[in-house]
Structures are given as C-alpha cells and as structure tokens.
Amino acid sequence: MLILFLRAIILYALMFVMIRIMGKRQISELQPFDFIVTLLIADLASEPASDLSVPLLYGLVPILTLFLLQRLASLLSLKSEKLRRIMCGHSLLLINKGIIEEGTMRQAHYSLDDLTELLRVGGVYKLSDVEYAILETNGSLSVIKKGESQSPTYKDMNIEPPGVGLPLMVIEDGRVRDDALIKSGHSREWLREMMNDFGYVKPSQALFAYIDSEGMMHMQAKQKYGGRVHFADTGKQTE
C-alpha cells in the first residue's frame, strides 16, 4: 500500500511539473495536439500508479517522451507557419459582414443551433447584431458586434431600453418550425406571404428567419437564392 502511495506521488509530481511547463491555458483553450498529449499522459500515468506489476519506469519513460515531443512540436510550430496550420488548423469566418457563410458552416460541421448557442453563451441573442463571428482554432467563438449594437448602452444614454426576450427561430435551414411560429402568433400562410413580400416563393429558400422580441422579422436567403438579408416589422411583439 505504501509503495502505491509513493508511486502515485511521484507520478503526480511529474505530471504537475510537465503540465505547468506545457500549459498556460484551460482545457477548453488547448490546441488539438496539446489536448491529445494531455489525454495520453493521463492514461499512461494511471496504470503504473495503480498496478505494482508495472515497473514505474515503464510509465515515466513514455510520459517524458510525449512531453519532449510536445515541446518539440510547439517549438517547430513557432518557426513554421505551415506546420502551425497543419497542427492547429486555422480560424474560420462563420459570419462575414452580417451574412452567415453557409460553406464555412458546412466546413466546420456547424449547424445554426450550434452557432446561436455559442452566441448566447457570449451574450449575443440576435444574429442581426453580429458583424463578424470567427470560429477560433481552439473551438471558441469570437464575435464583433455591429456598430449600433456596441457600447454605449441604453443606460449610458439615459434612454428607455426596449423589451428583452428570446428571438423565435421560425425557419431553420429552410424548414419551418411550427412551434416557434405558433408561439409568435402567426401562421404558415402569413409566413408564405412574408416570403413573397421578400421576393421568394417558399420558406425553404431561407437559410433562417427569426422574430425578435420587438416584433421584427430577420431573414437570410440561402446562398443559391442570393444570400440576401431582409427585415420586416410583423406588428406583434413576442414575449
């Protein structure tokens, strides 16, 4: 029992020192290569820490090898932009000048639900407030709001703010969401009329359409139908 205790302390101390040297970031901010090495080191350390039949050296050598490999890869990536792109990838522009880039979304295997979820995590509840959204190599989303959506706030300007509520996504990837449409107080017939007013034949031509808490409908057509963005006042506020 004492030997297991001492082995665990030795492995913990070794991993603690290496992680301190390797990582200056949280797990969510690790690049793919760093994350893989971290997982492998944890797996390699678990067996010699709990199994006395495995020589301690059999755990230490591969752990140190992975550590040296990670340091070498980090050094080479600093000196070579091409290698850095291979190891870490590159950032992707998901929203460009207020327009969702469908091709880039497919490349990143991102759905509208994924995008809107990350925007909400960042405190952005309307797609129309976003000028640029960049998917970073570590999986985080960097957002630049449109000028009118940035500071100063309503409080700074001493102006009564508009009502706050979650937008209702009535069309997503060309499919009508009846639950959101009913909650907004509208029907499919109304939606088709709105699409006709925008110059489209059917809702499936839209990449997305949502109604915000102020009753404004925001719609973007699919790229094959022009990719244009449209706005219209529905006359009804949502809760």
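Residues numbered from 1 in each chain as written. Predicted model: local features only at pLDDT ≥ 70, side-chain atom pairs only at ≥ 80, totals over all residues. Heavy atoms only, no water.

Visitor: Run through the nonpolar core, naming residues and quoting values.
Guide: With 20 residues, the main nonpolar core has Leu 94, Ile 100, Leu 115, Leu 127 and Phe 208 as its most contacted residues. Elements with a minimum of two residues in this core: strand S1 (92-96), helix H6 (112-121), strand S3 (130-135) and strand S7 (206-211). Look past the residues within four positions of Phe 208 in its chain and what remains in contact with it is Ile 100, Leu 112, Leu 127, Met 169, Ile 171, His 218, Met 219 and Gln 220. Counting residues in each nonpolar core, the second largest holds 19 residues, with Val 170, Trp 190, Met 194 and Ala 221 among its members. (Core = buried A, V, L, I, M, F, W, Y, C linked by side-chain atoms within 4.5 Å. Buried < 20%, exposed > 50% of the residue type's maximum accessible area, 1.4 Å probe, protein only. Helix = DSSP H or I, 4+ residues; strand = E, 2+ residues; numbered from the N terminus. Contact = heavy atoms within 4.5 Å.)

Visitor: Before we move on, can you summarise the sheet that holds S3 with the specific residues and values?
Guide: Picture the strands of a sheet paired through backbone hydrogen bonds; they go either parallel or antiparallel. Ordered by their spatial adjacency, four strands build an open sheet running S2-S1-S3-S4, and the pairing between neighbours is antiparallel. At either end of the open sheet lies a strand with only one pairing partner, and these are strand S2 (99-100) and strand S4 (141-145). Pairing between S1 and S2: two bridges, direction antiparallel. Residue pairing in the sheet places Ile 95 in a bridge with Ile 100 of S2. Sheet strands in contact with H6 are S1, S2, S3 and S4, and its direction is about 70° off that of S4. (Pairing = 2+ DSSP bridges. Axes fitted to C-alpha atoms, helices over the stretch in contact; angles between N-to-C directions.)

Visitor: Now, about unusual backbone geometry: what can you tell me, with residues and values included?
Guide: At His 109, a residue that is not glycine, the phi angle is positive and equals roughly 55°. As for its placement among the helices and strands, His 109 is situated in the loop between helix H5 (102-107) and H6. Its identity as a non-glycine residue notwithstanding, Asp 173 has a phi of 55°, on the positive side. Mapped onto the elements of the fold, Asp 173 is located in the loop between strand S5 (168-172) and strand S6 (175-176).

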